[in-house]
Amino acid sequence: MNWYLFRLGRACITILLLLTFSFFALAASGDPAQILLGPDTSQAAIDVFREKWGLNLPLWQQFLIYLDGLLHMNFGLSYRSGESALALVLDRIPVTLSLVLPTILLSIALGVPLGILSAMHRGHLIDRLAITLSVVGLSVPSFLLGVLAMYLFSVKLGWLAPSGYVNWTSYIMPVATLSTVGIATYARFTRSALVEVLSRPMIETARASGLSEGIIHRAHALPNALTPLITITALEFGHFVTYAAVVENAFGWQGTGALLIESVSARDFAVVQAIMIITGVTMILANLLADLSYGFIDPRIADLRHRSSRRLRTACES
Amino acid sequence: MAFTGQSSSALRDIAFDLMPGGIIGIVGESGSGKSVMCRAIAGLLPPSALVQGQMNFEGQSYRLSDQRALASLRGHRIAMIFQDPMSALDPLMSVKRHLALRTSGGPGPLLTMAGFSDPGKVLDSYPHQMSGGQCQRVAIACALAREPRLLIADEPTTALDVTVQAGILKRLKAIAAERGMAIIFVTHDLAVAYQLCNQIIVMRNGAVVEAGSADTVLTEPRADYTRHLIASMPRPRSSAPELTQQISPSAVLRPIATSSAGHPALCLDNISVAYRTPDGRRFDAVRNVSVDVGEGEIVGLVGESGSGKSTLAKAAVGLVTPSAGRISMNGRVVDWSTPEPSWRREIQYIFQDPRGALDPLGRIVHQVRQPLDIHRLGDKGEREAVARARLFETHLDDTLFKRKPASLSGGQRQRATIARALTVRPRVLICDESVSALDVPIQAKILDLLLDLRDKYALAVLFISHDLSVIQHICDRVVVMRHGTLIEEGQTFELFRNPTESYTRDLIAALPRLPDAPPSHLPEQEAAV
């Protein structure tokens, strides 16, 4: 129980840090009154604007008001439209999720088998090919890939709609673009994890006691190599949301990423803040979930959770 | 079975026969090719290895280059176990599943055979919940699961405590007899080989130096190298000459009592060390232990892994903070929470792994000079001169001074760390398993060096080891620890001859022993059991 509380407490502290950071980072980035109203506005108009949004108060008061608002799920209003920032963001989230979730699934479904194949044929042609591909996948920026794909499939061949949501085929290009990075990441990770596990003494021991290569791979190597994928997935989730911003823009999808870019350039603090907080909290929760799920998979961590006298003995022996 | 083998450069012309139920010991230093040969038999060498040779196994002939054929033998015919039991098992898998992968039969009898008195207890355990000895027993059960006719054991007890080692050796011997299974047992420890094996092969640089029955090889060794190995085995000091050279009678007759006469250089008074475990509980690693080390005295600190001996030593130099107790050096009380630089000069620590203790990028002589740089002693020329002098003192060749640690052997590296510890002229030296990772002949030389230095500088040495034979050889007094407490203390000779605690008796009884050495080379061994 202790262990759960500890993880949970740590996640809460991280979230608090995130909230504080996002407030002060945005506060430090410039005065929204000047930016929104433009340089030619009269001082009186600026003062009215500041009054209206509480920008004339000392920073610490603004911070408290901000925290108080968050407690009531009030993320403030958009400077531009006057709508609730939270509602604006929530409205866009399904679009982003509809890109990110299939991307994660596709990345795992293709990346992991590619990594396994690569590790099993270490040093051979398949391996080198896979490594080269994943380096290419990691190094080509997704906006470039998106634009190239659009040029080829929409402009030249006319197979797919260039932008926006038309029907399910509209998913093909953005998801494929996003997935190149994901597949490459998973492939590389799986390969190196598997190669490492295959070099452990336990594999040689298994071999020496007569287990066939197939059983060794299935029962020993893969479970050990793939467990860390949970963490990778939790971390990758954040990356995908980031990459999605670029891809959404390139393909004209109205997701959170596109909203973020619009809001940053317009200094729409409340909206940027809401996106930062929601993305951040999602990532922290994903990591928490990953941490907790290890308890079910790895008996060593399960023992850390459930106080055990055996654990104590191992601790003093090592 | 018969085996003749040859592989690229690690091995040359090796041949031996092994009968069912027979146990053959393969002895040699690291790099002698013993592990390579075993892996060649089991077909476990990497594909890049060039292996030539023939093996006749149960009437059938196999080429050792035929990895596929050898792979088909593994499990039902040949199985192998390795040195590090903790990493031999899958951390995600329970004992039950480990065995279920290998046999459809019940795991109970296998675990009983491997020496578990109550197999039900460990069935659902995971490797991290078990001790090293238990893990090795499970590994043995896994190897036996498909009833192999030959078990190859590559230093399976080297990483284990003596008492645990004794239990496993006994089990292996019993299994060989019960099942008529042959065992190839690789070890660097002649005494272990003598205790277990019918036949012994001594290997060096990939070739067989000597082979024969265990008794003949160890009591009437023909090869010089075998004699050298036997002479290098640590023995009780009261009767043994210095290990490496045949020396003058005066050294043999060195009275052991003189050294303990000096006044205490290091006093550990009622030391306790407590840790907080990951789940938040308090764990007492050391409880109320008092140890004195006199000037010119070598005090041995013995105990199994987890007994708190290293923790105590680390508390002495301030690497861990004791929760209670007082440390004093040369009569002054030392509080490491507010250290003075001069204290650090007076006490030095030598660790087990010299490779880890040296900076891989620094040249030896510079690293040995470093303590002088830190304490700002002398000018640059003097520091260099002192460093060189210490390196000469530890018998390191001056062609090695400018080298980096990677191009030195393990023994040379340990000499360098000893030289480094000595540059600041410490009064107290702590050796934490400092010879445990070294081959026997090299270990012998380092032990002699320590004895020399002790005599020369009246060093007080706290010598930590799990190896009783080393302790018996080098120490004037011995302190036995168990579960964080001091359980027995006494003069080495007395303690080994007449231990009062049953635990100490078990430790001494578990110690593998060589046969009494041939009188022509060594004086008769003191009966110490």
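Residues numbered from 1 in each chain as written. Chains lettered and ligands numbered in written order. Predicted model: local features only at pLDDT ≥ 70, side-chain atom pairs only at ≥ 80, totals over all residues. Heavy atoms only, no water.

Draft legend 1. Expanded view of the overall build of chain B. When helices and strands are counted, chain B shows 21 helices and 20 strands. Residue burial in chain B is summarised as follows: out of 529 residues, 56% are buried. Within chain B, residue pairs in contact and separated by at least 24 positions form 69% of the contacts whose partners lie at least 6 positions apart. Approximately 21,400 Å² of chain B is accessible, and the part contributed by carbon and sulfur atoms is 50%. (Helix = DSSP H or I, 4+ residues; strand = E, 2+ residues; numbered from the N terminus. Buried < 20%, exposed > 50% of the residue type's maximum accessible area, 1.4 Å probe, protein only. Contact = heavy atoms within 4.5 Å. Areas by Shrake-Rupley, 256 points an atom, 1.4 Å probe, with all protein chains shown as cover.)

Draft legend 2. Expanded view of a positive patch on the surface. A surface patch of like charges, here positive, comprises Arg363(B), Lys380(B), Lys402(B) and Lys404(B). As for its position among the elements, Arg363(B) is in the loop between α14 (354-357) and α15 (364-375). (Patch = residues over 30% accessible without salt bridge, like charges linked within 9 Å, V, L, I, M, F, W, Y side chains within 5 Å. Salt bridge = Lys/Arg side-chain N within 4 Å of Asp/Glu carboxyl O. Lys, Arg positive; Asp, Glu negative; His and termini not counted. Charge placed at Lys NZ, Arg CZ, Asp CG, Glu CD.)

Draft legend 3. How the structure looks around the pattern of salt bridges. Evaluated as defined, the whole model comprises 31 salt bridges over all chains. The salt bridge involving Asp291(A) is made with Arg10(A); its shortest N-O contact spans 3.6 Å. Residue Asp291(A) is located in helix α13 (residues 269-297), and its partner Arg10(A) is located in helix α1 (residues 2-28); the two are separated by 281 residues in the primary sequence. Judged by its relative accessible area of 21%, Asp291(A) falls in the partly exposed class. With a shortest N-O distance of 2.8 Å, Arg207(A) and Glu213(A) are connected by a salt bridge. Members of the salt-bridge network, linked through shared partners, are Arg369(B), Asp373(B), Arg383(B) and Glu384(B).

Draft legend 4. Region of interest: the pairing of strand β9 (residues 199-204) of chain B. Residue and element names in this part refer to chain B. Of the pairings in the sheet, the one linking strand β3 (residues 23-27) to β9 comprises four bridges and is parallel in character. Within β9, the position partnered with Gly25 by the bridge is Ile200. The pairing of β9 with strand β10 (residues 207-213) spans six bridges and is antiparallel. Each bridged residue has a counterpart across the sheet, and for Met203 the counterpart in β10 is Val208. Counting the residues between successive antiparallel strands, the hairpin from β9 to β10 contains two residues, one of them, Asn205, with a positive phi of roughly 50°. (Pairing = 2+ DSSP bridges.)

Draft legend 5. Structural detail: the layout of surface pockets. Space inside the second largest pocket adds up to approximately 910 Å³. Arg207(A), Glu213(A), Leu45(B), Pro46(B) and Pro47(B) are, among the 26 residues lining the second largest pocket, the residues nearest its centre. For the lining of the second largest pocket, the residue count by class is 10 nonpolar, nine polar and seven charged. (1 Å grid on protein atoms, 1.4 Å probe; cavity = no way out; pocket = protein on both sides within 12 Å on 5 of 7 lines; lining within 4 Å. Points joined across faces, edges and corners; volume = space filled by probe spheres on them. Nonpolar A, V, L, I, M, F, W, Y, C, P; charged D, E, K, R; others polar.)

Draft legend 6. Here's a closer look at a nonpolar patch on the surface. Residue and element names in this part refer to chain A. Where nonpolar side chains cluster on the molecular surface, the patch consists of Phe143, Leu144, Leu148 and Val246 and spans about 340 Å² of accessible area. A total of three residues in the nonpolar patch trace back to one element, the largest contributor, which is helix α7 (residues 142-156). Summarising the element assignment, Phe143 is placed in helix α7.

Draft legend 7. Structural view of the side chain of Arg413(B). Residue and element names in this part refer to chain B. Residue position: Arg413 is located in helix α17 (residues 410-422). Within the buried set, Arg413 has no salt-bridge partner at all; the shortest N-O distance to an opposite charge, 6.1 Å, is to Asp353. In terms of polar contacts, Arg413 uses its side chain to reach the backbone carbonyl oxygen of Pro405, at 2.9 Å. In contact with Arg413, not counting residues within four places along its chain, are Pro354, Arg355, Leu358, Pro405, Ala406 and Leu408. (Polar contact = N/O pair within 3.5 Å; in protein donor to acceptor, adjacent residues only side chain to side chain.)

Draft legend 8. Spatial organisation of the sheet that holds strand β19 (residues 477-482) of chain B. Residue and element names in this part refer to chain B. Spatially, β16-β17-β18-β13-β19-β20 is the arrangement adopted by the six strands of the open sheet, whose pairing is mixed. This sheet does not close on itself; its edge strands, each paired only once, are β16 (347-350) and β20 (485-491). Neighbour to neighbour, the strand axes of the sheet diverge by 15° on average, direction disregarded. (Axes fitted to C-alpha atoms, helices over the stretch in contact; angles between N-to-C directions.)

Draft legend 9. Geometry of the sheet that holds strand β15 (residues 332-334) of chain B. Residue and element names in this part refer to chain B. Strands sit in the order β12-β11-β14-β15 across an open sheet of four strands; the sheet is antiparallel. Strand pairing shows two members of the sheet lacking a second neighbour, β12 (282-294) and β15, which therefore form its edges. In this sheet, neighbouring strand axes are inclined to one another by 25° on average, regardless of whether the strands run parallel or antiparallel. In this fold helix α12 (residues 309-316) packs onto β11 (264-276), β12 and β14 (324-329), with an angle of close to 115° to the strand it touches most, β11.

Draft legend 10. Quick peek at the environment of Val138(B). Residue and element names in this part refer to chain B. Inspection of the secondary structure puts Val138 in helix α6 (residues 132-144). Judged by relative accessible area, Val138 falls into the buried class, the value being 0%. Taking the C-alpha atoms as reference points, Val138 and Ala114, 24 residues apart in sequence, are found 7.0 Å from one another.

Draft legend 11. Just the packing of helix α9 (residues 201-208) of chain A against helix α10 (residues 213-226) of chain A, in detail. Residues and elements named next belong to chain A. Axis separation between α9 and α10 bottoms out at 10 Å; the angle between their running directions is 155°. When the axes of α9 and α10 are compared, the pair comes out roughly antiparallel. The chirality of how α9 crosses α10 is right-handed. Contacts from Met202, Ile203, Ala206 and Arg207 of α9 reach α10 at Glu213, Ile216, His220, Ala221 and Asn224. The residue makeup of the contact of α9 with α10, split by class, is five nonpolar, two polar and two charged. (Parallel < 35°, antiparallel > 145°, perpendicular 65-115°, else oblique. Left-handed = near helix turned anticlockwise from the far one by under 90°.)

Draft legend 12. Region of the structure containing the packing of helix α11 (residues 229-251) of chain A against α13(A). Residue and element names in this part refer to chain A. One way to put it is that α11 packs onto α13 with a least axis distance of 8 Å and a crossing angle of 170°. Judged by the inter-axis angle, α11 sits roughly antiparallel to α13. In the crossing of α11 with α13, the sense of the turn from one axis to the other is right-handed. Contacts from Ile230, Thr231, Ala234, Leu235, Phe237, Gly238 and Val241 of α11 reach α13 at Thr279, Thr282, Met283, Ala286, Asn287, Ala290, Ser293, Tyr294 and Ile297. A breakdown of the residues in the contact of α11 with α13 according to their chemical character gives 10 nonpolar, six polar and no charged.

Draft legend 13. Here's a closer look at the nonpolar core. All names here are of chain B. Membership of the largest hydrophobic core comes to 52 residues, with the highest contact counts inside it found for Leu111, Ile140, Leu172, Ile183, Phe185, Leu190 and Ile200. Here Ile140 is in contact with Ile81, Ala114, Ile168, Leu172 and Ile175, once residues within four sequence places are set aside. In terms of nonpolar packing, the next biggest core, distinct from the first, is built from 34 residues, Ile298, Leu450, Leu453 and Leu468 among them. (Core = buried A, V, L, I, M, F, W, Y, C linked by side-chain atoms within 4.5 Å.)

Draft legend 14. Here's a closer look at the environment of Gly212(B). Residues and elements named next belong to chain B. Mapped onto the elements, Gly212 comes out in strand β10. We classify Gly212 as partly exposed; its relative accessible area is 25%. C-alpha separation for the pair Gly212 and Gly25, spaced 187 residues apart in sequence, amounts to 10.0 Å. Excluding residues within four positions of it along the chain, Gly212 makes contact with Gln199, Ile200 and Val217.

Draft legend 15. Main features of the packing of aromatic side chains. Evaluation of the coordinates by the stated rule reveals nine aromatic pairs over all chains. Considering the side-chain rings of Tyr171(A) and Trp253(A), the 5.1 Å spacing of their centres and the 50° angle between planes classify their relative orientation as tilted. Note that Tyr171(A) is positioned in the loop between α7 and α8 (172-198) and Trp253(A) in the loop between α11 and α12 (256-265), a separation of 82 residues in sequence. Since its relative accessible area comes to 25%, Tyr171(A) is described here as partly exposed. We classify Trp253(A) as buried; its relative accessible area is 5%. Geometrically, the ring pair formed by Trp336(B) and Trp343(B) is edge-to-face, given 5.8 Å between the ring centres and 90° between the ring planes. Neither Trp336(B) nor Trp343(B) differs from the other in exposure class; each is buried. Here the aromatic residues Phe23(A), Phe24(A), Phe63(A) and Tyr66(A) are joined through ring pairs into a cluster of three or more. (Phe/Tyr/Trp six-rings, centres within 6.5 Å; stacked < 30°, edge-to-face > 60°.)

Draft legend 16. Representation of the confidence of the model for chain B. Residue and element names in this part refer to chain B. On average, chain B scores 84 in pLDDT, and the residues at 70 or more come to 89%. Here residues 244-260 scores under 50 on pLDDT; set against residues more than four positions off or in separate chains, the count is 24 contacts. For residues 518-529, every residue scores under 50 in pLDDT, and the model assigns this stretch 27 contacts once sequence neighbours within four places are set aside. Of the two predicted TM-score estimates for the complex, the pTM is 0.76 and the ipTM is 0.74. (pLDDT = per-residue confidence, 0-100.)

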